[in-house]
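# What the coordinates show
Here is how the chains run, residue by residue.
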Amino acid sequence: MKSSVVAVMKTRPSTVIHDYGQLMRLAGYQQVLTKDKETALKINISWQHYYPACSTTPWQLEGVITTLLEDGYSREKIYGCHNRTVVVDAHLGEVANKHKPVLEKYGLRNIHLYEGGEEWILFQPKARMLALDKIFPEGIRIPKRLVGSNIIHLPTMKTHVFTQMTGAMKNAFGGLLFDKRHWTHSVIHETLVDLLAIQKEIHPGIFAVMDGTFAGDGPGPRCMVPIVKNFILASSDMVAIDAIAAKMMGFDPLSIKFIRMAHERGLGCGDPREIEVVGEDIADVNFHFAANEDTFASRGQKMIYWGPLKPLEHLLLRTPLAPLSYIASRIYHDLYWYNFVGRPRVQKALQTEWGKLFTSY
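Quick summary incoming for the structure in this document.

Scoring rules and cut-offs
- Counting restarts for each chain, with residues numbered from 1 along the sequence as it is written.
- This being a predicted model, a pLDDT of at least 70 is required before a residue's local features are given, and a value of 80 or more before pairs of side-chain atoms are given or counted; all residues contribute to the totals for chains, interfaces and linings.
- Processing note: side-chain calculations cover all non-hydrogen atoms of the structure and skip hydrogens and water entirely.
- By definition, any uninterrupted DSSP run of H or I lasting at least four residues is a helix, any uninterrupted run of E lasting at least two residues is a strand, and each is numbered from the N terminus.
- C-alpha atoms define the radius of gyration in this analysis, and the globule rule sets the expected value at 2.2 Å times the number of residues to the power 0.38.
- Any residue under 20% of the maximum accessible area for its type is buried, any over 50% is exposed, and the rest in between are partly exposed; the area is computed with a 1.4 Å probe on protein chains only.
- Two residues form a contact once any of their heavy atoms are found within 4.5 Å.
- Using the Shrake-Rupley algorithm and a 1.4 Å probe, accessible areas are obtained, with residue cover drawn only from the displayed protein chains.
- Convention adopted: a line fitted to C-alpha atoms gives each axis, helices being fitted over their contacting stretch, and angles between N-to-C directions are expressed from 0 to 180 degrees.
- Our angle categories are set so that under 35 degrees counts as roughly parallel, over 145 as roughly antiparallel, 65 to 115 as roughly perpendicular, and the remainder as oblique.
- Crossings are sorted by hand: turned counterclockwise from the far helix by less than a right angle, the near helix makes the crossing left-handed, and turned clockwise it makes it right-handed.
- Residue classes follow a fixed rule: Ala, Val, Leu, Ile, Met, Phe, Trp, Tyr, Cys and Pro count as nonpolar, while Asp, Glu, Lys and Arg count as charged, and any other residue, Gly among them, counts as polar.
- By the counting rule applied here, Lys and Arg register as positive and Asp and Glu as negative, while His and the ends of each chain are not counted.
- Any Lys or Arg side-chain nitrogen found within 4 Å of a carboxyl oxygen on Asp or Glu counts as a salt bridge.
- Throughout, the arc means the angular range of directions from the helix axis out to the C-beta atoms.
- A patch consists of residues whose relative accessible area exceeds 30% and which take part in no salt bridge; residues with like charges are grouped when within 9 Å of each other, and nonpolar side chains (Val, Leu, Ile, Met, Phe, Trp, Tyr) when within 5 Å.
- Take the buried residues of types Ala, Val, Leu, Ile, Met, Phe, Trp, Tyr and Cys, join any two whose side-chain atoms come within 4.5 Å, and each joined set is a nonpolar core.
- Two rings from Phe, Tyr or Trp (for Trp, the six-membered ring) form a pair when their centres are within 6.5 Å of each other. A pair whose planes differ by under 30 degrees is stacked, one over 60 is edge-to-face, and the rest are tilted.
- By definition, being over a ring means that NZ of Lys or CZ of Arg is both within 6 Å of the ring centre and within 35 degrees of the ring normal.
- One bridge is not enough; two strands pair if DSSP finds at least two bridges between them.

## Quick word on the overall build of the protein
The secondary structure content of the protein amounts to 13 helices and twelve strands. Taking 2.2 N^0.38 as the reference for a compact globule, 361 residues should give roughly 21 Å; the C-alpha atoms of the protein span a radius of gyration of 19 Å, in line with that estimate. The 361 residues of the protein split such that 59% are buried. Summarising the internal contacts of the protein: among those between residues at least 6 apart in sequence, 78% fall at separations of at least 24. When the accessible surface of the protein is summed, it comes to about 14500 Å², and 55% of that surface belongs to carbon and sulfur atoms.

## Regarding the environment of S360
One can find S360 in helix α13 (residues 353-360). Placed 156 residues apart in sequence, S360 and P204 show a C-alpha to C-alpha distance of 36 Å.

## Description of the packing of helix α1 (residues 16-26) against helix α2 (residues 58-70)
Each pair of packed helices gets described by two things: the angle between the helix axes and the distance between those axes. Direction vectors running N to C along α1 and α2 enclose 60 degrees, while the axes themselves pass 8 Å from each other. What the angle tells us is that α1 and α2 run oblique. For α1 against α2, the interelement crossing comes out right-handed. Between α1 and α2, the residues in contact are V16, I17, Y20, G21, M24 and R25 and W59, Q60, E62, G63, V64, T66, T67 and E70, respectively. Along the lines of polarity and charge, the residues of the contact of α1 with α2 split into six nonpolar, five polar and three charged.

## Remarks on the side chain of K170
Among the secondary structure elements, K170 is positioned in helix α6 (residues 168-176). For the buried residue K170, which engages in no salt bridge, the nearest side chain bearing the opposite charge is D242, 10 Å off. Filtering out sequence-adjacent residues up to four positions away, K170 remains in contact with H160, I188 and L192.

## Observations regarding α13
Within the span of α13, buried status applies to W354, G355, L357 and F358. An end-on view of α13 places all buried positions within 160 degrees of arc, on one side of the element. Across α13 from its buried face, at more than 90 degrees, point the exposed residues E353, T359 and S360. Structurally, α13 contributes buried residues whose contacts are with α1, α2, α3 (90-96), β10 (206-217), β11 (225-235) and α12 (322-349).

## As for a nonpolar patch on the surface
A cluster of nonpolar side chains, contributed by L324, I327, I331 and L335, occupies part of the molecular surface with about 400 Å² of accessible area. By the secondary structure assignment, I331 is in helix α12.

## Quick notes on the nonpolar core
With 68 residues, the main nonpolar core has M157, M165, M169, L233, M248 and F287 as its most contacted residues. If one sorts the elements of this core by residue count, helix α8 (residues 238-249) sits on top with ten residues. Sequence-distant contacts of M165, that is, excluding residues within four places in its chain, are made with K158, T159, H160, D242, A245, A246, M249, F251, I256, F258 and I259.

## Here's the deal with the pattern of salt bridges
Under the defined criterion, the tally for this structure stands at twelve salt bridges. Linking E118 and R145 is a salt bridge whose minimum nitrogen-to-oxygen distance equals 2.9 Å. Note that E118 is positioned in the loop between β4 (109-112) and β5 (120-123) and R145 in the loop between β6 (140-143) and β7 (150-154), a separation of 27 residues in sequence. Exposure remark for R145: the relative accessible area of 24% places this residue in the partly exposed category. Among the ionic pairs, K144 bridges to E119, the shortest N-O distance being 3.5 Å. Taken together, the residues K144 in the loop between β6 and β7 and E119 in the loop between β4 and β5 connect sequence positions 25 residues apart. Judged by relative accessible area, which is 45%, K144 ranks as partly exposed. Classification of E119 as partly exposed rests on a relative accessible area of 42%. Each of R25, E70 and D71 takes part in one network of salt bridges that share partners.

## Here we look at the packing of aromatic side chains
Overall, the coordinates contain 14 aromatic pairs when judged by the stated rule. Ring centres 5.2 Å apart and planes at 35 degrees place the aromatic pair W59 and W354 in the tilted group. Of this pair, W59 sits in helix α2 while W354 sits in helix α13, and the two are 295 residues apart along the sequence. Given a relative accessible area of 1%, W59 falls into the buried group. Residue W354 is classed as buried on the basis of its relative accessible area of 2%. Measuring from centroid to centroid gives 6.5 Å for W59 and Y361, while their planes differ by 45 degrees, and the two rings are tilted. On the criterion of sequence distance, the pair formed by W59 in helix α2 and Y361 in the segment after α13 is long-range, its members being 302 residues apart. One aromatic cluster is present, built from ring pairs that chain together W47, Y51, W337 and Y338. The ring of F231 has K10 lying over it, and the distance from NZ or CZ to the ring centre is 4.5 Å. Positioned over the ring face of Y73 is K35, at 5.3 Å from the centre of the ring.

## Some remarks on the pairing of β7
Within β7, five of the five residues are buried, leaving the element largely enclosed by the surrounding structure. The alternating pattern of β7 places N150, I152 and L154 on one face and I151 and H153 on the opposite face, and all of these are buried. Pairing geometry for strand β2 (residues 39-43) and β7, over five bridges, is parallel. In the strand pairing of β7, L41 is matched with I152. Summarising the sheet, β7 and β10 pair through three bridges and their orientation is parallel. Residue pairing across strands places H153 opposite A208, the latter belonging to β10.

Right, dumping it as structure tokens:
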């Protein structure tokens, strides 16, 4: 009997909120998330601009919230949470991506984990770490608020320049590590496995709800081509949901290092043959996505992390010179790429039924 279950459904704008409820119940979320604990909704903001498939969708967030409330979870125990990165402004992102109005509509707390008196604590994992203890020898700092809290990850279905695809496991990268998390990019696969091991120690329940209404193909998590795919996924196994999403995108899940390593360490199931997919029959689904594309910026990053500039990694990213890298990224992505490449794609996407739904928020 297969122990890991991933629910997959096709959806459409007129039914998506209801469909998210059916999806979550199909995946057995109430068996994982107890009602006596707080539940964090880990919103994904990969860009402060709106770009389809890049960040948590407003209907994804609303669908999860309405399902929790309908099923008797206390409004007072549910909260949205955001992280900070050196190149993405979550305050701008929660407005541009319409997360903030959804949280306000349902009267939920909106927590930015790096401000407002939020405490970060040193955490000593019981599990053997693959990378984090070496990257942060002074100790691994995590948000105190998340310890003892259920968590629901809200990733989107997209490719990634560093990890081939990104989903539930990568979503913890944003919430659990403090703003020097980019130090781990050279060992990103090991880092994601470490973070899942830590999550299993601190969270009473872990669940993921993935939006693939728009899916992103290309050099993600930002500079992708957004494509309407109409899929939504949910699971309590972070490895399994990423494996099924990877398979649907056209990849061999076990060839993706972080999925394989997590599978081998018993943190979840990464082999699609051992995962029970309920809901939609996806046997013949293959998006034929490509994950071998790069942008000018990502080529430079890879040269620093794994290429000829590796000896300069510390100098460029961990000294007073580091802000120059952040500024370069902002200039490339925000000033050049979004305006000259991304904006026309956004306008095209807004003409779709999903784009019209986004506009309605």
